Amino acid sequence: MRRISLLCDESRGRWRWKRIAGATVAACVAVAAAGGALVVYTGVYDVGATTQHTAFVFQLLETSLRRSVKLRTADVPEPGLDDANRVESGFRIFREHCVQCHGAPGIAPQPFALGLTPTPASLVASAQEWSPAEIHWIIRNGIKMSGMPAWQYRMDDKEIWDVVAFMKVLPTLTPADYKQWDRQHVPAPAQPAGESGPASDSGIRLGDAGAGRKALQQYLCVTCHVIPGVVGANYHVGPSLAGIADRKYIAGVLPNSPQNMLRWLRQPAEVDPLTAMPDLGISDQDARDIAAFLYTLHN
Ligand code: HEC
Ligand code: HEC
């Protein structure tokens, strides 16, 4: 009898302890949430790009970036990066798409890039800090809430690895070397919009609505249209795309068929020269994916 009551006392004590611990954790979470909400709603956090983040926020972002990239690149195989043609192709791409923001030995970034916060890093340092697989991931996916664009919709995988290969060489170049490269490699002729892109040289898949939903973010669709189920797509620059699957006409002029939808997405100005919908240089594959997604939007 005494043993049983002792056991009961013990378990009651443990239960009380657990309750106190639980209440303490809940109180801490509530205080932290209230503190966070206060910072957000009072507007004390300065979002201007002329003040650097506070040391705490800076560390938080820096650590999140490093951990996030590491987690996503654990075992990506690397192709051979020492090939001279690859490095040369990487240089051309770097000169066309990267030097404007990141600069190069002896070359400053463009004025607009100097005003970005976070400021684009010198890639001489980055090439030494990150592994090739990590650099490949960053170029492919970009970095949210910084000015770093995702390039996977403008370059195929080979081109991305070419840039990685060039970045490995970049730290060894003096300003004079870089100028020399610049003189040697005349820019390649520009490809007409829509002719390039990841899909044009490989087999074309049927449209995939999931991929299309992702691509919407990469072609600015979300800045002009209300698109049901897509976060941030709340703008009325163009018509709402709600129920577009059931619409009889596209933009009031083309009968609504998948073929016409592709035509509209890729060359709106060819369909209607006066339209405010811009030609966004959508690749054939991305247009198919986006169309597949649009046809899921029923009334
Ligand atoms: C519009 C400006 C812009 C362009 C164009 C741009 N970047 Fe960036 N990039 C940034 C910004 C901003 C960051 C984030 C700040 C930082 O960490 O450097 C960044 C980050 C990076 C990083 C991570 C750097 C680090 O050490 O944290 C790499 C690598 C990178 N960019 C490579 C490239 C390559 C390669 C290209 C060309 C294909 C490119 N960027 C084009 C703005 C740009
Ligand atoms: C700069 C703003 C802008 C961007 C970016 C834009 N659109 Fe549009 N869009 C418009 C305007 C304006 C119209 C109306 C065109 C007209 O009727 O001539 C339109 C019309 C359309 C239509 C026909 C709608 C209907 O009611 O018939 C579709 C579909 C469409 N856009 C899809 C897209 C997709 C998908 C993207 C991204 C790839 C995109 N738009 C990007 C402005 C934009």
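Reading guide: rules and limits
- Residues numbered from 1 in each chain as written.
- Chains lettered and ligands numbered in written order.
- Predicted model: local features only at pLDDT ≥ 70, side-chain atom pairs only at ≥ 80, totals over all residues.
- Heavy atoms only, no water.
- Near = heavy atom within 4 Å.
- Polar contact = N/O pair within 3.5 Å; in protein donor to acceptor, adjacent residues only side chain to side chain.
- Helix = DSSP H or I, 4+ residues; strand = E, 2+ residues; numbered from the N terminus.
- Nonpolar A, V, L, I, M, F, W, Y, C, P; charged D, E, K, R; others polar.
- UniProt positions renumbered as here; feature names shortened; annotations may be inferred.
- Domains from an automatic or database assignment.
- Axes fitted to C-alpha atoms, helices over the stretch in contact; angles between N-to-C directions.
- Parallel < 35°, antiparallel > 145°, perpendicular 65-115°, else oblique.
- Left-handed = near helix turned anticlockwise from the far one by under 90°.
- Contact = heavy atoms within 4.5 Å.

Undergrad: Lay out the site of ligand 2 in plain terms, naming residues and giving numbers.
TA: Near ligand 2 you find 25 residues, and of these Cys221, Cys224, His225, Arg247 and Met277 are the closest. Within the side chain of His225, one N or O atom sits 2.8 Å away from a nitrogen atom of ligand 2. Taking Ala251, its main chain carries an N or O atom lying 2.5 Å from an oxygen atom of ligand 2. Among the elements that line the shell around ligand 2, the one with the most residues is helix H11 (residues 258-266), at 3 residues. Considered class by class, the residues forming the shell around ligand 2 number 20 nonpolar, 3 polar and 2 charged.

Undergrad: Break down the UniProt feature "domain: Cytochrome c" (unreviewed entry) in the protein for me, with residues and values.
TA: Taking the UniProt record as the reference, the feature "domain: Cytochrome c" (unreviewed entry) is found at residues 85-171 and 207-298. The span residues 85-171 shows a helical share of 59% and a strand share of 0%, and its end C-alpha atoms are spaced 18 Å apart. End-to-end, the C-alpha atoms of residues 207-298 are 17 Å apart, and along that stretch the chain is 35% helix and 4% strand.

Undergrad: So what's going on with the site of ligand 1? Which residues, and what values?
TA: Not every one of the 22 residues close to ligand 1 is listed here, only the nearest: Cys98, Cys101, His102, Ala121 and Met148. Note that a nitrogen atom of ligand 1 is positioned 2.8 Å from one of the side-chain N or O atoms of His102. The contact in question runs from an oxygen atom of ligand 1 to an N or O atom on the side chain of Ser126, over 2.8 Å. Elements with a minimum of two residues in the shell around ligand 1: helix H4 (99-102), helix H6 (123-129), helix H7 (132-141) and helix H8 (157-169). Within the shell around ligand 1, the residues separate by chemical class into 16 nonpolar, 6 polar and no charged.

Undergrad: Let's hear about the domain arrangement of the protein: which residues, and what values?
TA: For the protein, the assigned domains are domain 1 (76-184) and domain 2 (209-294). Centre-to-centre, using C-alpha coordinates, domain 1 lies 32 Å away from domain 2.

Undergrad: Hey, could you go over the packing of H11 against helix H13 (residues 284-294) for me, with residue numbers and the actual values?
TA: One way to put it is that H11 packs onto H13 with a least axis distance of 9 Å and a crossing angle of 120 degrees. In terms of axis orientation, H11 runs oblique to H13. Along this stretch, H11 crosses H13, giving a crossing that reads as right-handed. Facing Met261, Leu262, Leu265 and Arg266 of H11, the residues of H13 in contact are Asp284, Ala287, Arg288, Ile290, Ala291 and Leu294.

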